Every structure is written in C-alpha cells, then in structure tokens.
Amino acid sequence: MSKTLYDKLWDAHVVRQHDDGSCLLYIDRQLVHEVTSPQAFDGLRLARRDVWRRTANLATADHNVPTTDRSQGITDPVSRLQVDTLDDNCDEFGITEFKMGDIRQGIVHVIGPEAGATLPGMTVVCGDSHTSTHGALGALAFGIGTSEVEHALATQCLVQKKSKNMLVSVDGAVGPGVTAKDIVLAIIGEIGTAGGNGYAIEFGGEAIRALSVEGRMTVCNMAIEAGARAGMVAADEKTVEYVRGRTYAPKGDLWEKAVMAWRELHSDADAKFDRVVRIAAAGIKPQVSWGTSPEMVTAVDARVPDPARESDPVKREGMARALKYMGLQAGTPITAIEVDKVFIGSCTNSRIEDLRAAAVVAKGRKKAANVKQVLIVPGSGLVKQQAEQEGLDKIFTAAGFEWREPGCSMCLAMNADRLEPGERCASTSNRNFEGRQGAGGRTHLVSPAMAAAAAVAGHFVDVREWE
Amino acid sequence: MEKLTTLTGLVAPLDRANVDTDQIIPKQYLKAIHRTGFGPTLFDDWRYLDPGEPGMDHGTRRVNPEFVLNQPRYQGARILLARENFGCGSSREHAPWALLDYGFRVIIAPSYADIFFNNCFNNGILPIVLPAAVMDKLFAETLATPGYQLSVDLAAQRVTTSSGESFGFEIDEFRKYKLLNGLDDIGLSLQHAGDIKAYEARRRVEAPWLFLE
C-alpha cells in the first residue's frame, strides 16, 4: 500500500498499538532545554525513575542565556537558577549538554541538525513547539509538554495518536528576493493558524525542493504557526549532503547503509493525503505580518487590511483588537510603517544562510537614525564562528548593528533582550503575539533580508526593489 | 494527577478566538523550576495593569477591572468557556499548570491547539469540544445569568445546564480512562517495557545509526 512520508515515519516507530488507536511511539532523539525540563527531571526523582537511554538525549541552554558578554555568567538570579538546574540535571542523569561557554551551544533547533544529532528518518521531540524545524531533514519532529518530556526521558516513548496527512505543495519557482520565510508566512496567511490543527504537514512542490536544507528548516519551523505539530520535507540529495560529516552522523559502512534507507524517505507517488493545499510560488511576494497572529500577514506592497471588510464577526473583532494593539490604521501602506528595533535571529532565521542574506542587504549601508537598535543573534556558537570567518560580523557592526552571542534572545524575551511598551520591531522570529517580544511590544514578522532592509530604511521596504 | 469524574462549577467566559499560551502565561514566569504557583499570573498581561515579574507579591498589583476574570461574579470559577484554537502557540505546560492552579478543571471550546490539548490531559484538566453554535448559546447564557453553573459528567460524556439542557461530547477512550482514574501515563507505558526493549533490539539491527553513542 502506498504511504506518505508521515505514514512511513510513523509506522517505523510504533512499539505498540493500543485498543483505542493510540500508539506507544518510539523516540529516537530528545532535545532538552532549560525552560521545559526542570519539572520533568523533578518528576523522575520523585518517582525514583531513571532515564531510559541517556545517549538519545542532547541538552543545551538557550532561552535564558544572555547574548552579551558572558564572562560574568547570568546576572538575573531567576534565569541563572534555571540554567544551573539544567546543568545539574544533565550531570545527575548523565545527559550530554552543550553548556553556555561551549562553542556548540545555541538554540536547540539550530544545534540538533548542526551536530548531526537530528538525522533523516528519526523521531525527534523537544519541550518546545518549534521542534517541527527538524522535519526539514525528512524526520518526524514535534513539540511536547513537560509531562511528555518526562515520559520520553523515562520510557524513550510517547503515547500518541496519529495525525491526518496534509500536503502543502508550493508549485513553480519563487521570484527573486522571495525567501523560505516569505513562503511559509504566505502559507500561514492562506490556511490560517488553525489550518493545520490535527494534521502533520508535508511541504512539497518545486519551490520547496529548490530550497536549501536550511531554508526548509525555516518552513518546517513555522508549521506550528499553521497549527500543525509536525512539518516535514522529503529527504533528497541535498539532505544527504547536509548531514554528511556532521559529528553525530554515521560514518563509513554505516553511512552508506543509512543513506540507502534515507532514499525511501518520501511520499509514494500515489500516496493519499487527507487534505492538499496548492500554492503558486510565482504569486508569493515578500511578506510582512501586520497583526498579533501569524496569519495576520500580507505582501510588502499591500496595505493594512480593514476589519470592516471582514464578514466573520469573531475574526473582525480579532482584527480590530490587533490593529489597536499594533497601533496601526487600516489602509496604511505596509512600506509606510516605521520600526524602532530590528531583531535578526531565532530558531526560524538564525542560521548561516540567514545571516548571509541580511549581510548582503546591510553591506556598505547604515542603520537608519530612527532605528534604536538592531540585534543580530546567531543561532549557535558555530554559526557565529562561521559568520566571523566570512567577515559578516564586520559588515553588521559597520552598519551600526549589534553582533551578539547565540540564544533565543528577543524572539520571546526571556533574557534581557526585549521591546519596551509601544516599540515596533521588524523581526525574523516566528510569533507576533501580544507581548511576545516584551510587554506592549509590537512585532512584525519578516525575512532576514526584509529585516535588514527595514533597519537601513527605518521602515518596511520591498527588497525586490533594492540593489 | 487528580482524577476527574463529575464537576459542577461556576462558569467564566473568555470570548476571544486564538488565545495563545503567551497570553495564558507570559514568558517571564517560565523561569520557575516547579509546577505550582502559576495561578496568580494566569492571563497576566490582561489581568493586571502594571507589568509583572516573578517573585512579586501579585496581590498588591493593580488589577484590570475590564478583564473578565476580575469581575466579582466570576470569582471561584472552575469551568472556562473559550473560542476557536484555544491554547495556540508554544508547548509550555505552564499554561495548563496556571489554569489548574487558578482553579479551572474544565475548559469548553469549539477547538484547541494540539499540543495544549494534550498537555491538559496530562494535568487532569478536561478540555471539552462543543460545536460553535452550542458555544454561542453557553456564552450568551453565562453572560445573562449571574452565578451560571454547568455540570460535567465525564463518564457519561455530558455537559448539563442548570435548566437541564444537556450536550454530549466526544473523548478518546484511553484519555477518559486515565482522567477518571487519575492515572500517570509513565507508569502505564512502563508496563510495556518488554515491548520497548524488543523494538529497540530490532531497530539496532535495522537502523544501527540511530543508536550511535
């Protein structure tokens, strides 16, 4: 029987089928960070349970770490306690951790693929909704809560019910200046933030195949913003080349054997999906979100929409509330919106290709006078090192941008990087919820190139018109 | 986990769609290393007029009288009415911990985000799905009737109003069984440790690269 990629990944990991249709699903890799794990380790201790398979886990601290000078450690005592707790828990239970100060430390969804700890065909979980990122490698990856983190630590399994299959096919080629971020924002704009609820989404079509593996990570990362716990892309030659030589990737004969298996990680030609969404790549323009939900997004050459034109009363009220919060008037051209701060980073857009795209725009230019701060936060110590070897840090600092240490930073503002009330930010992160980047802060989601261009111009601009 | 069989309780209406977990419990409170104490900061940004930080005495903060849960008539509510896609956004289990710590054991909405929905069951919260038209009716009755209560019977899978009108709801059998008995998932899964070991032994042969040390 023909299968989708999701069917194949699911079937390969079923340990046991329960009578009600739920399954005990085997987890190949769990990634652990400081925010959603302390209560899980506490639970293990309380029940006198051990970790089932230590080497299946990899930890790092990312949400709370400072992105400025780290020689003094973490100054906020509450953040410090949480990071220290992770260190202690990993030591106690024998789990490998890339600690702060280790060059391999970084955002959990950046370091997993980077270290080869995420491999095609794996099931990957983490107490973080953006775990969907890892699906870009042809893996089944999804975010879980802390009870499930504890469950996976204790049993190497999770009790799961299979989702439905959705194919989002982005057909044809995107135009110049249109990136993976624009593709995924356009998809969310199309299907809505609840559109993928109950589904695992496979992203396919020429435009997805044409993306680099890093670009595919950007797309899969935001599957959760479309409501789907898991997003994935079929493995291909790009995937194999991406994984080759990485620290935890197989070597020698084992590599050859693994690659043979990975070549099967695609949906069969006649596989059946419960829902298929087709989007014409040629119609996708650079995207800018205007509201407080990722589905509130439009093209850079459009205007802020008018709630009065929305027929659904719940949606209309949501739009009106969003515009009030965002301090925007219906009908305002997107390019007339000025920004106070710019954030380039997060598990969505902090990989080397993202930084290169921002640097192309920033090179030889300066931050606009009205822009108070531009943060460039690489996704990991290794991304930072690579960027410095390429001289990207010099381009950014010459433009008046700040070059920081790796972490989640102002994506969710758990550390000192945040917006003040009323401040408006062009951000390459994934959520524009109220207060996400700081209480009262206003977030516009964009691609790295669009963010860098907004930093230089002081307002949103269409990068396609820029040289 | 505390079991849930029946519950009759005061109802509070949160009439907004797409309520995300950043609103349910903002990020600054995620720095805690324990599961309890999140109740006073549930819906923090909406509930208070001044900014909150962990370690504050939240009892001394300025409350937002406009926010529905601050209205005297909803004090002591155990059942929360919500709209579409409730609990979207991050996977933070602090969201159900905060709802539980505040006093909610039951949420009723037309739909939920998947991760949040799962997290509820792992903490003894029952997230009930009822059709949008029924939700409209429950919202209207709650607003019109001070002290409005609903009765939830998990075994019978029914929500009943004080006037006797009753609505059935669907729930996965295994989740129902666990909630009715207050059972811990891990203990149940470990009963299948033999199956897990057999699976691992098979996969170590089929796909040994997944077991590199």
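Residues numbered from 1 in each chain as written. Chains lettered and ligands numbered in written order. Predicted model: local features only at pLDDT ≥ 70, side-chain atom pairs only at ≥ 80, totals over all residues. Heavy atoms only, no water.

## Regarding the packing of helix H6 (residues 180-191) of chain A against helix H8 (residues 213-221) of chain A
Residue and element names in this part refer to chain A. Stated precisely, the cut-off is as follows: Geometry is summarised by axes, namely lines fitted to C-alpha atoms with helices restricted to the contacting stretch, and by angles between N-to-C directions that run from 0 to 180 degrees. For the purposes of this entry, the term helix denotes a DSSP run of H or I that reaches at least four residues, the term strand denotes a run of E that reaches at least two, and both are numbered from the N terminus. Our angle categories are set so that under 35 degrees counts as roughly parallel, over 145 as roughly antiparallel, 65 to 115 as roughly perpendicular, and the remainder as oblique. Rotating anticlockwise by less than a right angle from the far helix to the near helix defines a left-handed crossing, while the corresponding clockwise rotation defines a right-handed one. Contacts are residue-level and defined by heavy atoms, with any inter-residue pair within 4.5 Å sufficient. The nonpolar class holds Ala, Val, Leu, Ile, Met, Phe, Trp, Tyr, Cys and Pro. Asp, Glu, Lys and Arg form the charged class, and all remaining residues, Gly among them, are polar.
At their nearest, the axes of H6 and H8 sit 8 Å apart, and the two run at 25 degrees to each other. Considering their axes alone, H6 and H8 lie roughly parallel with respect to each other. The chirality of how H6 crosses H8 is right-handed. Mapping the contact onto sequence places Ala180, Lys181 and Val184 in H6 and Gly215, Thr218 and Val219 in H8. Classifying every residue of the contact of H6 with H8 by side-chain character gives 3 nonpolar, 2 polar and 1 charged.

## Details of the pairing of strand S19 (residues 442-445) of chain A
Residues and elements named next belong to chain A. Note the following rule: Each residue is assigned to one of three classes by its accessible area relative to the maximum for its type, calculated with a 1.4 Å probe on protein chains only: buried under 20%, partly exposed between the two thresholds, exposed over 50%. Strand pairing requires that DSSP identify at least two bridges connecting the strands.
On S19, burial covers both faces: Arg442 and His444 on one face and Thr443 and Leu445 on the other are all buried. Sheet analysis places strand S18 (residues 424-427) next to S19, joined by 4 bridges and oriented parallel. By the bridge assignment for S19, Arg424 is matched with Arg442.

## What about the domain arrangement of chain B?
All names here are of chain B. Here is the rule we go by: Boundary definitions for the domains trace back to an automatic or database domain assignment. Summed over both partners, the accessible area lost on bringing two parts together, with a 1.4 Å probe, is the buried area. When a carboxyl oxygen of Asp or Glu lies within 4 Å of a side-chain nitrogen of Lys or Arg, that pair is called a salt bridge.
Segmenting chain B into domains produces domain 1 (6-182) and domain 2 (183-213). A straight line from the C-alpha centre of domain 1 to that of domain 2 covers 36 Å. Each side of the interface is counted separately: domain 1 has 6 residues, and domain 2 has 4 residues. For the domain 1 face of the interface with domain 2, the top three residues by lost area are Tyr177, Lys178 and Gly182, together amounting to 68%. Seen at the junction of domain 1 and domain 2, the total is 1 salt bridge. With a closest N to O distance of 2.6 Å, Asp185 and Lys178 form a salt bridge. Of the residues assigned to the side of domain 1 that touches domain 2, the class counts are 2 nonpolar, 3 polar and 1 charged.

## A look at the interface of chain B and chain A
To be explicit about the condition: As used in this structure description, the phrase polar contact means that two N or O atoms lie within 3.5 Å; if the pair is within protein, one of them must be able to donate a hydrogen and the other to accept it, and residues adjacent in sequence are counted only when both atoms belong to side chains.
Contacts between chain B and chain A engage 62 residues on the former and 77 residues on the latter. Summed over both sides, the interface of chain B with chain A buries roughly 5500 Å², with 56% coming from carbon and sulfur. If you look at where chain B meets chain A, you find 8 salt bridges. Of the charged contacts, one joins Arg16 of chain A and Asp195 of chain B as a salt bridge, the two residues approaching to 3.2 Å between their closest N and O atoms. For the pair chain B and chain A, the interface holds 33 residue pairs in polar contact (both at pLDDT 80 or more). Top contributing element to the side of chain B that touches chain A by residue count: helix H8 (residues 193-206) of chain B, with 11 residues.

## Quick notes on the sheet that holds strand S8 (residues 157-160) of chain A
Neighbouring strands of a sheet are bound in pairs by backbone hydrogen bonds; such pairs are parallel or else antiparallel. Strand order in the open sheet formed by 3 strands is S1-S2-S8 (chain A), and the pairing between neighbours is antiparallel. At either end of the open sheet lies a strand with only one pairing partner, and these are strand S1 (14-17) and S8 of chain A. Pairs of neighbouring strands in the sheet enclose a mean axial angle of 20 degrees, with direction left out of account. Taken strand by strand, H8 of chain B contacts S1, strand S2 (23-26) and S8 of chain A, and its axis lies near 145 degrees from that of S1 of chain A.

## Focus: the confidence of the model for chain B
Under the convention used in this document: pLDDT runs from 0 to 100 and stands for how confident the predictor is about each residue.
Model confidence for chain B is summarised by a mean pLDDT of 96, while 100% of its residues fall at 70 or above. For this predicted complex, the interface confidence reaches an ipTM of 0.95, while the overall pTM sits at 0.96.

## Quick word on unusual backbone geometry
Even without a glycine there, the phi angle at Ala413 of chain A is positive, about 55 degrees. Take Ala413 of chain A: it is sitting in the loop between strand S17 (402-403) and S18. Classification of Ala413 of chain A by relative accessible area gives buried; the value is 3%. One non-glycine residue, Gln157 of chain B, lies in positive phi territory at about 55 degrees. Structurally, the position occupied by Gln157 of chain B is in the loop between strand S5 (149-153) and strand S6 (158-161).

## Concerning the pattern of salt bridges
Residues and elements named next belong to chain A. Inspection of the entire model under this criterion finds 46 salt bridges over all chains. For the salt bridge of Asp102 with Arg104, the shortest nitrogen-to-oxygen distance reads 2.9 Å. Owing to a relative accessible area of 22%, Asp102 belongs among the partly exposed residues under this scheme. Taking relative accessible area as the criterion, Arg104 reaches 33% and is therefore assigned partly exposed.

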